[in-house]
Amino acid sequence: MKGNEEFKVLNIDFTLYKTRLSKKFENRKPYQPLKPGSVTSFIPGTITAIFVKEGQEIKEGEVVLILDAMKMQNRLKSHISGKVKKINVKKGDRVAKGELLIEIE
Amino acid sequence: MTIERKIHDLHERRRKALLGGGEKATEKQKTMGKLTARERIEALLDENTFHEYDMFVEHDARDFDMDKKSLPGDGVVVGTGTIFGAPVAIFAQDFTVAGGSLGIMHAKKITKIMDHALRMRIPLIGINDSGGARIQEGVNSLYGYGEIFFRNTLASGIIPQISVILGPCAGGAVYSPALTDFVFVVDKVSKMFITGPEVIKTVLGEEISMEDLGGARVHSEISGNAHFFAKSEEECFAQIKKLLTFIPWNNSRKARMFEPAEPKPEYEIGKIVSDDPSMPYDVRDIIRAVADNSDFLEIQEMYARNIVIGFGRLGGRTAGFIANQPAEMAGVLDVDSSDKAARFIRFCDAFNIPIITLVDVPGYLPGIDQEHAGVIRHGAKILYSYSEATVPKITVIIRKAYGGGYIAMASRHLRADFVFAWPTAEIAVMGPEGAANIIFRKEIAESENPEETRKKMVNEYKQKFANPYVAASKGYVDAVIEPAETREMLLHALEITENKHVSMPSKKHGIPPF
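What counts, and where the lines are drawn
- Residues numbered from 1 in each chain as written.
- Chains lettered and ligands numbered in written order.
- Predicted model: local features only at pLDDT ≥ 70, side-chain atom pairs only at ≥ 80, totals over all residues.
- Helix = DSSP H or I, 4+ residues; strand = E, 2+ residues; numbered from the N terminus.
- Rg over C-alpha atoms; globule rule 2.2 N^0.38 Å.
- Buried ≥ 20, exposed ≤ 12 C-beta atoms within 10 Å, placed from the backbone.
- Contact = placed C-beta atoms within 7 Å.
- Nonpolar A, V, L, I, M, F, W, Y, C, P; charged D, E, K, R; others polar.
- Pairing = 2+ DSSP bridges.
- Axes fitted to C-alpha atoms, helices over the stretch in contact; angles between N-to-C directions.
- Domains from an automatic or database assignment.
- Right-handed = clockwise from strand over helix to strand, strands pointing away.

### Digging into the overall build of chain B
- Regarding its fold elements, chain B presents 20 helices and 17 strands.
- Over its C-alpha atoms chain B spans a radius of gyration of 26 Å, differing by no more than 12% from the 24 Å that the globule rule assigns to 514 residues.
- With respect to the three principal axes, the spread of C-alpha positions in chain B is 105 × 55 × 45 Å.
- Per-residue burial for chain B yields a buried fraction of 49% across its 514 residues.

Next up, the structure:
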């Protein structure tokens, strides 16, 4: 290797290696554990209908809102039975991918 | 008409055809910094060797007033010629004619030259510069793409197929290059994507420039779709020519032999690798220290840099090099590097190119993102490709070869023909630190000075296992060699394996973990 380049350290199985790190590795997103009560947008789109209210009891599999994306009316369902804790969006909102729309507990 | 008049008439027809989309469109092409289709072909082929066919093909579309439009050659130039005296078939889309859009006759010209290339067993080069499907021709243009994709697949592994992206290549059109062996891109000129920035904006509300979405750099660095990146069309053509010197015309031939040449003296093989096993070095210096003329043509240089692939020669024979790169991500195997190496192994195997593998691998990259991205499935591709390959496989273990990485990197167990190891090699299940932590967990935890005990145990493990001799004692390594002996050992191994013949169990085809 030429010169006195500063290398970073990568730990593979407890051995520390001096090396360059790839952009992909350095920019990787930290892992977010899945919360079963979260209803998130799996695709960017527009909220065209919301069927539940905060405080309402709902059952697993119940459709909570419609996310219009790619010319499809996507029916987003709750993964759990429980109470609607918080609704973060209103009808007509445009949402990015992965936004937390409704929290159920 | 007299013969003279008829010949004059032919000349007149040719002259018109050669104008392509006309002066205005040609000028526009130039202002975009692009050469015309025929200029590109001429720049790429040996002088005066291009022979054009189907110059007078015309479209027969009738809808949307297309019957009133004449499109010279239907927007694509096809023919044959030579590169360094070797025959090639070539097509180049002509952006000056209806934006190089693909209609049925355009596609038929391409599929005809593809059939020709396959029948004649000569390499096929496709220059892509097209706005996409010719919408006026409807499903007929889809027929055209499908027929091209089918032939790309038929020809795969029989003749080398090269795609050169010198303009837009969008929508379904991208799949022909994706099915070919090598994709060449030029900075600021090449644009490849399935859905363009406008559609992405309307459908998803995300804004991105064409360059950031599917420019040459993106495909060379991030997506891995491109294999060679050039700053200009001229540089790109030089790269294509050079690549063709390393590969054979077809799968029943070998690459042509060159005059053997010694490596350049500035690459001193004994001085590249540091004594400290955690210190990086550029593995390409080792390749250059063993290759004829120190000439190494790297492929996918910017993508998954933790593995290096490319062509060089030893004693005049082409070899495909695959090497872990300790300077990048410690040379780990991960999703991208596995894909990159596996595909290259299959190219070499299909085209009778011996594979030389240089090993310095700490293992697979740990991480949630890697596991979730399917490092199991992707990592398996390397195992599959090496196991399946029947070309000569020669392996040199430079330094560490740990665990699954050791097995994957063309180990004896995947039927390497020769496995050599440098005295610095450490062939073990894992690195000394990790191994000692596991084996001596109890001793370390229960001792009065755990840190000191741990060091002692790591040292003990190092002494015992961090060397090539345990593997050599089982015959998994054929010879432990000095770095300075590497080139000679490789030259000899290539000679010995020249007529290698193995037969694999007969089957329709395997199911690689795509």
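### Side note on the overall build of chain A
- Helix and strand counts for chain A stand at one helix and 10 strands.
- Reading the helices (α) and strands (β) of chain A from amino to carboxyl end gives β-β-α-β-β-β-β-β-β-β-β.
- By the compact-globule yardstick of 13 Å for 105 residues, chain A is too spread out, its C-alpha radius of gyration being 21 Å.
- If you line up chain A on its principal axes, its C-alpha atoms span 65 × 30 × 20 Å.
- Residues classed as buried in chain A amount to 21% of the 105 residues present.
- Looking at chain A alone, contacts between residues at least 24 apart form 48% of all its contacts between residues at least 6 apart.

### Quick notes on unusual backbone geometry
Residue and element names in this part refer to chain B.
- Phi is positive for Phe64, which is not a glycine, with a value near 55°.
- Phi angles above zero are rare outside glycine, and Arg121 is one such case at about 60°.
- Turning to its location among the elements, Arg121 is positioned in the loop between helix H4 (104-120) and strand E4 (124-128).
- The partly exposed category is assigned to Arg121, around which 16 C-beta atoms lie within 10 Å.

### Side note on the interface of chain B and chain A
- Taken together, the contacts link 26 residues of chain B with 20 residues of chain A.
- Counting residues per element, the ones that place at least two in the side of chain B that touches chain A are helix H7 (197-204), helix H13 (368-372) and helix H16 (432-439) of chain B.
- Looking at the side of chain B that touches chain A element by element, the count peaks at three residues for H16(B).
- Within the side of chain B that touches chain A, the residues separate by chemical class into 14 nonpolar, six polar and six charged.

### Considering the sheet that holds strand E8 (residues 82-87) of chain A
All names here are of chain A.
- Read from one edge to the other, the open sheet built from four strands follows the order E3-E10-E8-E5, with strand pairing classed as antiparallel. What marks the edges here is a single partner per strand, and that holds for strand E3 (38-40) and strand E5 (57-58).
- Relative to E8, E5 runs antiparallel, the two sharing two bridges. Of the residues in E8, the one forming a bridge with Glu57 is Lys83.

### What about the sheet that holds strand E9 (residues 228-230) of chain B?
Residues and elements named next belong to chain B.
- The mixed open sheet is built from seven strands, whose spatial order is E1-E2-E3-E4-E5-E7-E9. This sheet does not close on itself; its edge strands, each paired only once, are strand E1 (51-53) and E9. Here the strands of the sheet are splayed against their neighbours by 20° on average, with no regard to which way each runs.
- Helix-sheet contacts for helix H10 (residues 233-246) involve strand E2 (76-83), strand E3 (86-93), E4, strand E5 (161-165), strand E7 (182-186) and E9, and the interaxial angle to E7 is about 160°.

### So, the domain arrangement of chain B
Residue and element names in this part refer to chain B.
- According to the domain assignment, chain B consists of domain 1 (3-246), domain 2 (269-430 + 466-496) and domain 3 (432-465).
- Between the C-alpha centres of domain 1 and domain 2 the distance comes to 36 Å.
- In this assembly, 11 residues from domain 1 lie in contact with 14 residues from domain 2.
- Where the side of domain 1 that touches domain 2 is concerned, the elements lending two or more residues are helix H9 (216-221) and H10.
- With three residues, H10 is the single largest residue contributor to the side of domain 1 that touches domain 2.
- Taken together, the residues of the side of domain 1 that touches domain 2 break down into four nonpolar, four polar and three charged.

### What about the pairing of E5(B)?
All names here are of chain B.
- Burial within E5 is extensive, with five of its five residues counted as buried.
- Neither face of E5 is open: one carries Gln161, Ser163 and Ile165, the other Ile162 and Val164, and all of them are buried.
- The sheet contact formed by E4 and E5 spans five bridges and is parallel. Among the inter-strand pairings, Ile127 is bridged to a residue of E5, identified as Val164.
- For the handedness criterion, the β-α-β arrangement of E4, helix H5 (residues 139-155) and E5 is classed as right-handed.
- Two elements, E5 and E7, share four bridges in a ladder whose sense is parallel. In the strand pairing of E7, Ile165 is matched with Val185.

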